[in-house]
Amino acid sequence: MRKIKIYDTTLRDGSQGEGINYSLNDKIRIAEKLDDLGVHYIEGGWPGSNPKDAQFFKKMAGVNFKNSQIVAFGSTRRAQIKATDDKNLKDILKSKVKIATIFGKSWLLHIKNVLHTSPEENLDMIFDSVSFLVKKGLVVFYDAEHFFDGYKDNAKYALRSLITAEDAGANFLVLCDTNGGSLPLQIQQIINEIKPKLKVPLGIHCHNDSGLAVANSLFAVEAGCEMVQGTINGYGERCGNADLLPIIANLKLKMNLDSIPDQKIKNLTEVSYFVSEISNMRHMNNQPYVGDSAFAHKGGVHINAVMKEPYSYEHIAPETVGNKRRVLVSELGGKSGILILAKELKFDLTKDDPKTKKIHKLLQSLELKGYHFEAAEASFELLLKKALSKVSEFFKLESFRVVVNKESDKKINSEAIIKLKVKGKVEHTAAEGDGPVNALDNALRKALKDFYPTLSKMHLSDFKVRVLDEKSGTAARVRVFIQSQDEKDSWNTMGVSENIIEASWQALVDSIEYKLLKDKVS
Ligand SMILES: [Zn+2]
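Just so it is clear, the model here is predicted, and its values are computed rather than measured.

Draft legend 1. Expanded view of helix α9 (residues 213-222). All of the buried residues along α9 are Ala213, Asn216, Ser217, Leu218, Ala220 and Val221. Tucked into the core, α9 has its buried residues touching β6 (172-177), α8 (184-194), β7 (202-206), β8 (227-230) and α10 (244-253). One or two steps after α9, the chain reaches Gly224, where phi turns positive at roughly 120 degrees.

Written as structure tokens, this is what we have:
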């Protein structure tokens, strides 16, 4: 069976994504996670371009990874100088890696208008740079930047650039759709044309500007590429890079091709959350395979069908990739929604059980008050667990007070004072925050942190307020939704009240209780 090499560039290309900025420690943690997942290559960065990357390689030099090899990235030498005098190539050697990826130009437009050099000099730059590193004992992957655009413009020259890298001793030729503008069939056709003319194995590196990075990568594999480059969650410049998570899943589950070890496929969802946490990016609900909504069922008909036969509305079993089925309960779902969720939570409940009727009635009355469980399944899960079993109380509120203070032209200031009973002790804390809800959240965590240390691993990722009865203005009920996230998961909770602080408090408490219950079980 063909084995496809997975080459991760989250730490280099991914870090180019808008809003992403990794510290040295972030990079190390992501590299460790990728090694555990079993990717073959981890591109650590560009030692010649920034000191943080150089430091990363210094740290990594002594580390023995279980599965992955660390790769340094760099460019071909500058025009009109010797490879031995090129700082970026020398910095790659200094980084002590065994593998380097060098990118060079294959598109005449770039050579003329961006590099301002001649096509012949560009070929010399490719040859000199690759052979310089090969002679120093490195394995060299050659990234042909803008290869497909270059090939469409001048096929002969683009191919020559690859042959030059091959002649210089490159171990892999990686075809890049740098602008992300190519279509799957074009990619496949071009690879079919060039592959017979090359001896060295081919890799693919796609960007997602046409929404096709994953499809293009898979078509390239079909056409014979043996390495796929991409990032976790598809992070990267502009519209991002090819998302390695659906690529790995599709290779194994749909194309029957091996990449990472089989037993690690179920870690894909966790890795996705982990990297989104460190990247400080909200996890995408609709992300294929690993998103919170990837296996969420809403309509009553769908829920009924899934209960009878999961494959009726699921392309794979969610657990295969470490995700879970979610039933979005609302009046739409009716009793069958309650039953399927109870089943998911391992409660034995039947349609005619008096408990089912009780919960259904409770749900209906809450929905009348403005609760909307469909988007807050963690609150619903808590409600169900409390109705069906004994959920131990993690803490009990005695009182809280929130003060918002504004003095003339000074900055507005919010402070919360909270009194709780936790494990038989009375905790009295105060905290400030950006606004009253944040102050309340801070004070609550401060009171609980010594008793429940895992709370430091979660944070609120979204906060939404909806006015339920617009006509009555400020006296109207509001519904507050909170989305929380930790390194493994995200969950949604809710509160409803005429007072926004009270509604937020309910949602906060549900969120924290859900997290504590989750940690206790796992
Ligand atoms: Zn790229």
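Once you've had a look at it, read on.
Draft legend 2. Structural view of the packing of helix α3 (residues 87-94) against helix α5 (residues 119-135). Viewed as axis vectors pointing N to C, α3 and α5 meet at an angle of 20 degrees, and their least axial separation amounts to 11 Å. One way to sum up the angle between α3 and α5 is to call them roughly parallel. The interaxial crossing formed by α3 with α5 has right-handed handedness. Between α3 and α5, the residues in contact are Leu89, Ile92 and Leu93 and Ser129, Phe132 and Leu133, respectively. The class makeup of the residues in the contact of α3 with α5 is five nonpolar, one polar and no charged.

Draft legend 3. A look at the pairing of strand β12 (residues 413-422). Of the pairings in the sheet, the one linking strand β11 (residues 396-405) to β12 comprises nine bridges and is antiparallel in character. Bridging across to β12, Val404 finds its partner in Ser414. Pairing of β12 with strand β13 (residues 425-433) involves nine bridges; the strand directions are antiparallel. By the bridge assignment for β13, Leu420 is matched with Glu427. Where β12 hands over to β13, the hairpin turn is made up of two residues, of which Lys423 adopts a positive phi near 45 degrees.

Draft legend 4. Here's a closer look at the pattern of salt bridges. Going through the model one piece at a time under the given rule, you end up with 32 salt bridges. A salt bridge links Asp258 to Lys252; the nearest nitrogen and oxygen atoms lie 2.7 Å apart. Lys252 gets classed as buried once you look at its relative accessible area, which sits at 18%. Linking Asp462 and Arg282 is a salt bridge whose minimum nitrogen-to-oxygen distance equals 3.3 Å.

Draft legend 5. Focus on the coordination of the zinc ion. Bound to the zinc ion on the protein side are Asp13 (OD), His205 (NE2) and His207 (NE2), at distances that span 2.0 to 2.1 Å. Along the chain, the residues that donate to the zinc ion are spaced as D-x191-H-x1-H. Of this pair, Asp13 sits in the loop between β1 (5-8) and α1 (24-37) while His205 is found in strand β7, placing the two residues 192 residues apart along the sequence.

Reading guide: rules and limits
Per chain, residue numbering runs from 1 following the sequence as it is written. In keeping with the model being predicted, local features are shown solely for residues with a pLDDT of at least 70 and side-chain atom pairs are shown and tallied solely at 80 or more, while totals for entire chains, interfaces and linings include all residues. Excluding hydrogens and water, the side-chain figures rest on all heavy atoms present in the structure. Summary of the burial criterion: residues with accessible area below 20% of their type's maximum are buried, those above 50% are exposed, and those between are partly exposed, where the area comes from a 1.4 Å probe applied to protein chains only. Strands here mean DSSP runs of E at least two residues long; helices mean DSSP runs of H or I at least four residues long; both are numbered from the N terminus. When checking whether two residues touch, look at their non-hydrogen atoms; a contact exists if any pair is within 4.5 Å. Helix axes are fitted only over the stretch in contact, all axes being lines through C-alpha atoms; the angle between N-to-C directions runs from 0 to 180 degrees. Under this scheme an angle from 65 to 115 degrees is roughly perpendicular, one under 35 degrees roughly parallel, and one over 145 degrees roughly antiparallel; angles in between are oblique. With the far helix as reference, a near helix turned anticlockwise by less than a right angle produces a left-handed crossing, and one turned clockwise produces a right-handed crossing. Each residue receives one of three labels: charged for Asp, Glu, Lys and Arg, nonpolar for Ala, Val, Leu, Ile, Met, Phe, Trp, Tyr, Cys and Pro, and polar for the others, Gly being one of them. We treat two strands as partners when DSSP finds at least two bridges between them. The term salt bridge refers to a pairing of a side-chain nitrogen on Lys or Arg with a carboxyl oxygen on Asp or Glu at a separation within 4 Å. Only nitrogen, oxygen and sulfur atoms qualify as donors, provided they sit within 2.8 Å of the metal or within 3.2 Å for Na, K and Ca; with water excluded from the atoms, sites may seem incomplete.

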